[in-house]
Amino acid sequence: MGFDIADKLAQERRARLAAERLLAQKQSELFSANSRLGKHARALSDEIVEKRLEVRSARTQAEQLKGEKSQVLSELRTAENKVQIAERRLWDSIQSIQDGFAVFDSNSRLVAANNAYMATFDGLEEIRVGVKYNRVLQLVAEEGIVDIGNATRAEWCARMLERWHEPEIREETIQLWNGHYIKLIERRAEGGDTVTLALNITATIRYEAELKAAREKAEAANRAKSAFLANMSHEIRTPMNGVIGMADLLQDTDLSEEQKLYIQTIRHSGEALLVIINDILDYSKIEAEKLTLNPEPFSFEAVVNETVTLLSPSAQDKGLELRVENTLPEDAHFVGDPGRLRQVLTNLIGNAVKFTSDGFIRIGVHATPSRNPKKQKVHIEIEDTGIGISKEHAEFIFGEFNQVDGDHNRKFEGTGLGLAITKQLVELMSGKIWVESSEGNGSTFHVILDLPTSAPRGNAKTEISKTVEVPAKPQIEARRLRVLAAEDNGTNRLVFSKMVRNLDIELEFAVNGREAVEAFSQFKPDLVFMDISMPEVDGKEATRQIREHEKAAGKAPTPIIALTAHALDTDKAEMLAAGLDEYSTKPLRKNEIYKFIEKYAPKDVRPALQNVLSPNADLVS
């Protein structure tokens, strides 16, 4: 029994220990489960917090989006309002312009047009939005809204429709029934639309017509002025030829000292009148911008020497010393217009002689560097010891009709055009001119020209011989030179005959162009001197007929020299174009006539200038 109790106690003890172990195990499992549950609860709590934050953020974003949507909608409404306002303003502006504006779609149907465009079709109800362009053309042609000229309605519509379908529509000007002119300008737009502008250019057309009429009137006035100047030149030079020519002939006769003085006075007065005529002609050409340069190679030294030689007698008469300081190389040649350069030098040196009563006149010519290696700058100085120019006069000295002395106390003669012409000529040569002067202390005129250089042509210095070389044994069988002179003025025929009376020539006269052509065929001249203004047939037409006869006969052209009172450049061009070889203006100069005879005399004739002065000698001055 005692054993049983012990066993039971042992069993109970084992059962209790097992129960404790089970309890401990369950407590451990419960603790572990509680831990896991706690962790899960914490994780779930954290997740809930995050979801709440996300929900809150989503709500915030939703509210923001809602606000932005409201703002966008508001902005859209504002933009739509602005677009509507802009469209209304644009259309109001288009409606307010006086020119027509229209838009046609890709199918050439009218989409929109302003009132100015539609006003052209007033009364034509068919022309409205939706009408096609070809129908518009048909209606305006049928109703006579557009002046289609000599074309038929079908032709005009076809031409305008062909124009409409061009990739780049050309501009077209049409005239409406009321005399208005409309300029159509079309441009292709994106999407195939065509924008049309109908500009009313009536005022412009009328203004252009007025300008054209004014231009034609001005050109007619200019032609009348040129014709007047040409006629006056001719009418004055013709009698002056008699005056100066006869004075030259009288000078070659035996005269007393008093008679020589009278003849010299006549000649000088005639020469002064010719200078005035030439100044007026040159000024008129400069004013009309018709004065041109004829560039050619020339020797600067020769031009200076020729000018000084020409003016030396005038300087000697006043006891003035002419000094020439030329530092250019002796073989210095340039390309330019020697005639116009000589005119510039003559004006400047002539003025120096005119306004200097005692002392000297210095002509300085010096070379200065040029930027262009193919050119050479030439500095010309004309210094005198004359009356000088006051400061107030110096500013206007190169103006037209200006004189150093006043209008009421004129001491020196002249037109006042010389320096104006000189300045224009220098500037035409791309040069510069200015003056340094003070009243009572003389003046120095400066001219700088930048001229292309040229190689020398033969000997730069021309020897002036006083006699013509006469062959020691002229051939007996040689004939005399035959000269035909066509001149309708009796005085001029007398002057010409007296000028050549000492020459060994056969001379025959014709009093008009018709007689000149007949005499040419019968007389067979070696040289012809041809006046231009003659009755029945003028000199140019007579020359043309002579050239035609020569061409038909296969003969070489006979030299024909124009001796005329016409002195404009256009006259010269017309004469040379008519077939004349050279040109000389009246009054006749004996030395010029001699030069032509010596130049053109055939080799098989006797020397015409035997035992007379050479044409290179100064026969007239």
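Right, let's walk through the structure included here. Counting from 1, residues in each chain are numbered in the order their sequence is written. It should be noted that, the model being predicted, local features are given only for residues of pLDDT at least 70 and side-chain atom pairs only at 80 or more, the latter also being counted only at that level, while totals for whole chains, interfaces and linings use all residues. Hydrogens and water are ignored here; the side-chain numbers use all heavy atoms of the structure.

## Thoughts on the layout of surface pockets
Taken as a whole, the second largest pocket encloses approximately 480 Å³ of empty space. Around the second largest pocket sit 26 residues that line it, and Tyr117, Thr120, Leu176, Ile182 and Ala198 are the ones nearest its centre. Looking at the lining of the second largest pocket, the elements with two or more residues in it are helix H2 (115-119), helix H3 (133-142), helix H4 (153-164), strand E4 (181-188) and strand E5 (194-200). Here the element with the most residues in the lining of the second largest pocket is H3; it accounts for four residues. In this count, Pro and Cys sit with the nonpolar residues alongside Ala, Val, Leu, Ile, Met, Phe, Trp and Tyr, while Asp, Glu, Lys and Arg are called charged and the others, Gly among them, polar. Its residues assigned to classes, the lining of the second largest pocket comprises 17 nonpolar, seven polar and two charged. Of the two site types, the cavity is a set of points on a 1 Å grid over the protein atoms alone where a 1.4 Å probe fits but cannot get out, and the pocket is an open set with protein on both sides within 12 Å along at least five of seven lines, each lined by residues with an atom within 4 Å of a point. Grid points are joined across faces, edges and corners, and a volume is the space filled by probe spheres set on the points. Put simply, DSSP H or I for four residues or longer makes a helix, DSSP E for two residues or longer makes a strand, and each gets a number counted from the N terminus.

## Digging into the pattern of salt bridges
We count a salt bridge whenever a side-chain nitrogen from Lys or Arg sits within 4 Å of a carboxyl oxygen from Asp or Glu. Here the structure, examined in full by the defined rule, presents 21 salt bridges. Notably, a salt bridge pairs Arg187 with Glu171, separated by 4.0 Å at the nearest N-O pair. Highlighted residues: Arg187 in strand E4 and Glu171 in the loop between H4 and strand E3 (172-175), separated in sequence by 16 residues. A salt bridge links Arg544 to Glu541, with the shortest nitrogen-to-oxygen separation between them at 3.3 Å. In this pair, Arg544 and Glu541 are both assigned in helix H13 (residues 539-553), three residues apart and thus about one turn of the helix distant.

## A word on the packing of helix H7 (residues 300-317) against helix H8 (residues 338-354)
All axes here are fitted lines through C-alpha atoms, helices being fitted over the stretch that makes contact, and every angle between N-to-C directions spans 0 to 180 degrees. At a closest axis distance of 10 Å, the pairing of H7 and H8 adopts a crossing angle of 35°. For the pair H7 and H8, the sense of crossing is right-handed. Residue-level contacts link Phe300, Val303, Val304, Glu306, Thr307, Leu311, Ser314 and Ala315 of H7 to Pro338, Leu341, Arg342, Leu345, Thr346, Ile349, Gly350 and Val353 of H8. Residues belonging to the contact of H7 with H8 are distributed by class as follows: ten nonpolar, four polar and two charged. Whether a crossing is left-handed or right-handed is set by the direction in which the near helix is turned from the far one by less than a right angle, anticlockwise for left-handed and clockwise for right-handed. The contact criterion used is simple: two residues touch if any of their non-hydrogen atoms lie within 4.5 Å.

## Points about a nonpolar patch on the surface
Patches here: salt-bridge-free residues with over 30% relative accessible area, like charges joined within 9 Å, nonpolar side chains (Val, Leu, Ile, Met, Phe, Trp, Tyr) joined within 5 Å. Using a 1.4 Å probe, accessible areas were evaluated by the Shrake-Rupley method; residue-level cover was limited to the displayed protein chains. Together, Val72, Leu73 and Leu76 make up a nonpolar patch on the protein surface, roughly 240 Å² of accessible area in all. In this fold, Val72 is placed in helix H1 (residues 2-96). The partly exposed category is assigned to Val72, whose relative accessible area is 42%. Exposed residues in this analysis have more than 50% of their type's maximum accessible area, buried residues have under 20%, and partly exposed residues fall in between, with area computed by a 1.4 Å probe over protein chains only.

## A few points about the sheet that holds E3
Read from one edge of the open sheet, five strands run E2-E1-E5-E4-E3, paired in antiparallel fashion. Of all the strands in the sheet, the pair left with one neighbour each is strand E2 (110-113) and E3. Each strand of the sheet is rotated relative to its neighbour by a mean of 25°, with strand direction disregarded. One requirement defines pairing of two strands: DSSP has to find at least two bridges between them. As paired elements, E3 and E4 share four bridges and run antiparallel to each other. Residue pairing in the sheet places Gln175 in a bridge with Tyr181 of E4. Each of strand E1 (100-104), E3, E4 and E5 touches H4; the most contacted strand, E4, lies at about 35° to it.

## A few points about the packing of aromatic side chains
The pairing test for Phe, Tyr and Trp rings, Trp by its six-membered ring, is centres within 6.5 Å, and the orientation test on the planes gives stacked under 30 degrees, edge-to-face over 60, and tilted for anything in between. Using the criterion set out here, one finds eleven aromatic pairs in the structure. Seen in terms of ring centroids, Tyr117 and Phe121 are 5.4 Å apart; in terms of plane orientation they differ by 65°. Their pairing is edge-to-face. When sorted by exposure, Tyr117 lands in the same class as Phe121, which is buried. A connected cluster of aromatic rings, assembled from ring pairs, spans Phe496, Phe509, Phe529 and Phe596. Remark: a charge is flagged as sitting over a ring if the NZ atom of Lys or the CZ atom of Arg is within 6 Å of the ring centre and within 35 degrees of the ring normal. Cation over ring: Arg323 sits above Phe360, and NZ or CZ is 3.9 Å from the ring centre.

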